[in-house]
Amino acid sequence: MSASDPLGGAPLDRGPVDGDPVDGDPVYLDYAATTPVDPEVAEAMVGCLTLEGDFGNAGSATHAFGRRAAARVETARAQVATLIGAEPDEITFTSGATESNNLVLLGVARANADRGRHLITARTEHKAVLDPCKRLEKDGFAVTYLTPDRAGRIDPEAVRAALRADTVLVSIMYVNNEIGVIQDVGAIGALCHAHGVAFHTDAAQAAGKVPLNVRRLPVDFVSFTAHKIYGPKGVGALYVRRASRPLIQPVAFGGGQERGLRPGTLPTHQIVGFGRACEIAVRQLETEQGRLTALRERLWTGMAALGGTHLNGEGAPRAPGILNVSFEGVEGESLVTGLTGLAISTGSACNSASAEPSYVLRALGRDTQLAQSSLRFSVGRFTTDADVDFALEAVQGEVGRLRALSPAAGSDALGAAGGIWAAGELRTPGGTPLAPRDGTEGATLISGEAGGPGQETWVRFHLAVADGTVKDARFQAYGCPHTLQVASWLVRQLPGRTPEQGVPGTPASWAEAVSAPVEKLGRLLVVEDALRACLGRWRRGA
Ligand SMILES: *Cc1c(COP(=O)(O)O)cnc(C)c1O
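Draft legend 1. Broad picture of the overall build of the protein chain. What the protein chain contains, in helices and strands, is 15 helices and 18 strands. By residue count, 55% of the 542 residues in the protein chain fall in the buried class. By sequence separation, contacts in the protein chain at least 24 residues apart represent 71% of the contacts at least 6 residues apart. Per element, the accessible surface of the protein chain, about 21200 Å² overall, is 53% carbon and sulfur.

Following this line, the structure appears as structure tokens:
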């Protein structure tokens, strides 16, 4: 379909559109999901793999290979510690922030179970905090999940109100991975300590991106990870304040490495890469903060100019690199599918396999449609002004196209059902004339719809009928790419059909034809309902 005919054709089979990459990869704006390894980091890692390099087991103290590997691990440990102002012996290497979070939540809860069995966290935490909490609930612990304010912030007073005599741990993330909001971890940590309760923060999106110094921060445990700061995937750390070490016990058992808190042969190359990544982050933190904030603001200014856009996390302090925007009248997954030139995420990366709207945005009080219409853009070390401008142009084009396709668009112009064929002239809901198809002159116009404003799917069909058959069919839809694809396929099957023939195929067969996952079947039922409404009117002679 062409951009000037938003009511026909298949949104997914469209030809090249302005903003698409001419060749090569899309522009990467998903730095909050992961970052590419810095070339300096890759080089350092390569030096720890082969026979010529420092490949030894850092636990093998009996020979030079082992001792060299151990020395490199300790250099890296010091670099990692420096990033957050810790002492090297307060750093425990793990496989990443997920493992660090599991270790601290399970390890602290279990170690203190005889003192108390209550934990406090927030509904907007990463799954790597929420899922271990659910595990603990199954094991008989109680967890309070705090709700943030509309900007995404957790009020320290809400933490105070939730504290109980049996509370053993509070876990509140530093920077939210979906919306970039920075929590007041200083105030929350201080009141935890005033009540003798341990405090953990998931700083996977904060370490190396905003100033974070455990000498000034009242925190007992901090989780972070290499791959969010231009280091390799599969390595991270848990900071354990020296004085808080008795509060945590291991969750895995083995060779006694990392003081027995996290046993297993240390992955020298990963750790060395992590160390180098931290060293670079320390060096660039200040200049990058300013540069990334400017890029983020350039992006938001352009999006705001589109109208009908909402900045998620507005009014709260936010990390430089993350921008989360909801677009009225546009379904996020359809938007992402149309933005082939951009690598971005809808909802949170870890949830985008499912059709559920973001639980983080729901927790902020966004309705289903706005929560479902959000995109996260995250900029980083290799993002340029040109990338941002390219992204803006692409987003403007695609949002415009999808809004024109939406049943909500130009509803005034539509007026009475079927108004788009007014006086034999075919118009888009926005009023742009379209070339009529053969045989539609003098046809009767019938429309029918299902779903509606505020719902996850809204579909409207328009049929031009004459001599007992469909001469032309059009649709409008707000919905996921599969919904749009099925509606657009259906309007091409309808010409020539009689009302008695009914709906071609079934939602299940359409789902199969467009490879829609089973969760989408409910949305395709809305497509069916819309078409049935149309055909029903036709049969009744409407
Ligand atoms: C990425 C991320 C994690 C998971 O980190 P891994 O190293 O991939 O396990 C946890 N929490 C937050 C806030 C994150 O952004």
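Draft legend 2. Looking closely at the pairing of strand S7 (residues 221-225). Buried residues dominate S7, accounting for five of its five residues. Of the two faces of S7, both are covered, the one formed by Phe221, Ser223 and Thr225 as well as the one formed by Val222 and Phe224. Bridging between strand S6 (residues 198-202) and S7 involves three bridges; their strand directions are parallel. Within S7, the residue paired with histidine 200 across the bridge is phenylalanine 221. Pairing between S7 and strand S8 (residues 236-240): five bridges, direction antiparallel.

Draft legend 3. Main features of the layout of surface pockets. The computed volume of the largest pocket comes to approximately 280 Å³. Together, 22 residues line the largest pocket, and Thr98, His126, Ala204, His227 and Lys228 are the ones closest to its centre. It is helix H3 (residues 97-111) that provides the largest number of residues to the lining of the largest pocket, a total of three residues. When the residues that make up the lining of the largest pocket are grouped by side-chain class, the tally is nine nonpolar, 10 polar and three charged.

Draft legend 4. Fine view of the side chain of arginine 460. One can find arginine 460 in strand S17 (residues 458-466). A polar contact is formed between the side chain of arginine 460 and the side chain of glutamate 449, at a distance of 2.6 Å.

Draft legend 5. Spatial organisation of the packing of helix H1 (residues 39-46) against helix H7 (residues 268-306). Here H1 crosses H7 at 150°, and the two axes come no closer than 8 Å. As the angle between them shows, H1 and H7 are arranged roughly antiparallel. Of the two elements, H1 crosses H7, and the hand of that crossing is right-handed. Residues Glu40, Val41, Ala44 and Met45 of H1 touch H7, and the partners they reach there are His269, Gln270, Val272, Gly273, Arg276, Ala277, Ile280 and Arg283. Considered class by class, the residues forming the contact of H1 with H7 number six nonpolar, three polar and three charged.

Draft legend 6. Structural detail: the pattern of salt bridges. Under the counting rule described, the total for this entry stands at 27 salt bridges. What emerges from the salt-bridge pattern is a single network uniting Glu40, Arg276, Glu279 and Arg283.

Draft legend 7. Representation of unusual backbone geometry within the structure. A positive phi is found at tyrosine 230, a non-glycine position, where the angle reads about 70°. For tyrosine 230, the location among the structural elements is in the loop between S7 and S8. Since its relative accessible area comes to 9%, tyrosine 230 is described here as buried. The backbone phi angle of arginine 259 is positive, close to 55°, even though this residue is not glycine. Tracing the backbone shows arginine 259 in the loop between S8 and H7. For arginine 259, a relative accessible area of 58% translates into the label exposed.

Draft legend 8. Region of interest: helix H15 (residues 521-539). The first and last C-alpha atoms of H15 sit 26 Å apart over 19 residues, in line with the 27 Å expected at 1.5 Å per residue. Looking at the residues trailing H15, positive phi occurs at glycine 541, about 80°.

Draft legend 9. Broad picture of the side chain of histidine 126. Of note, histidine 126 is situated in the loop between strand S3 (118-122) and helix H4 (127-138). Within the local environment of histidine 126, its side chain forms a polar contact with the backbone nitrogen of alanine 128, the two atoms lying 3.0 Å apart.

Draft legend 10. Structural detail: a nonpolar patch on the surface. Residues Leu51, Phe55 and Phe65 make up a contiguous nonpolar surface patch of roughly 300 Å² in combined accessible area. Relative to the assigned elements, leucine 51 resides in the loop between H1 and helix H2 (64-84).

Draft legend 11. Broad picture of the sheet that holds strand S9 (residues 309-311). Strands sit in the order S9-S10-S13-S12 across an open sheet of four strands; the sheet is antiparallel. The sheet terminates laterally at S9 and strand S12 (345-346), the two strands that pair on one side only. Summarising the sheet, S12 and strand S13 (residues 374-378) pair through two bridges and their orientation is antiparallel. Counted as the bridge partner of threonine 346 is leucine 375 from S13. Across the sheet, H7 is in contact with S9, strand S10 (322-327) and S13; its angle to S10 comes to roughly 5°.

Draft legend 12. A look at H1. Turning to H1, its buried residues number three or more, namely Val41, Ala44 and Met45. Projected onto a plane normal to the axis of H1, the buried residues spread over an arc of 100° and lie on a single side. Seen from the open side of H1, the exposed residues pointing more than 90 degrees away from its buried face are Pro39, Glu43 and Val46. Elements in contact with the buried residues of H1: H2 and H7. In this structure aspartate 38 caps H1, since a side-chain oxygen of it lies 3.0 Å from the backbone nitrogen of glutamate 40.

Procedures and definitions
- Residues numbered from 1 in each chain as written.
- Predicted model: local features only at pLDDT ≥ 70, side-chain atom pairs only at ≥ 80, totals over all residues.
- Heavy atoms only, no water.
- Helix = DSSP H or I, 4+ residues; strand = E, 2+ residues; numbered from the N terminus.
- Buried < 20%, exposed > 50% of the residue type's maximum accessible area, 1.4 Å probe, protein only.
- Contact = heavy atoms within 4.5 Å.
- Areas by Shrake-Rupley, 256 points an atom, 1.4 Å probe, with all protein chains shown as cover.
- Pairing = 2+ DSSP bridges.
- 1 Å grid on protein atoms, 1.4 Å probe; cavity = no way out; pocket = protein on both sides within 12 Å on 5 of 7 lines; lining within 4 Å.
- Points joined across faces, edges and corners; volume = space filled by probe spheres on them.
- Nonpolar A, V, L, I, M, F, W, Y, C, P; charged D, E, K, R; others polar.
- Polar contact = N/O pair within 3.5 Å; in protein donor to acceptor, adjacent residues only side chain to side chain.
- Axes fitted to C-alpha atoms, helices over the stretch in contact; angles between N-to-C directions.
- Parallel < 35°, antiparallel > 145°, perpendicular 65-115°, else oblique.
- Left-handed = near helix turned anticlockwise from the far one by under 90°.
- Salt bridge = Lys/Arg side-chain N within 4 Å of Asp/Glu carboxyl O.
- Expected span 1.5 Å × (residues − 1).
- Patch = residues over 30% accessible without salt bridge, like charges linked within 9 Å, V, L, I, M, F, W, Y side chains within 5 Å.
- Arc of directions from axis to C-beta.

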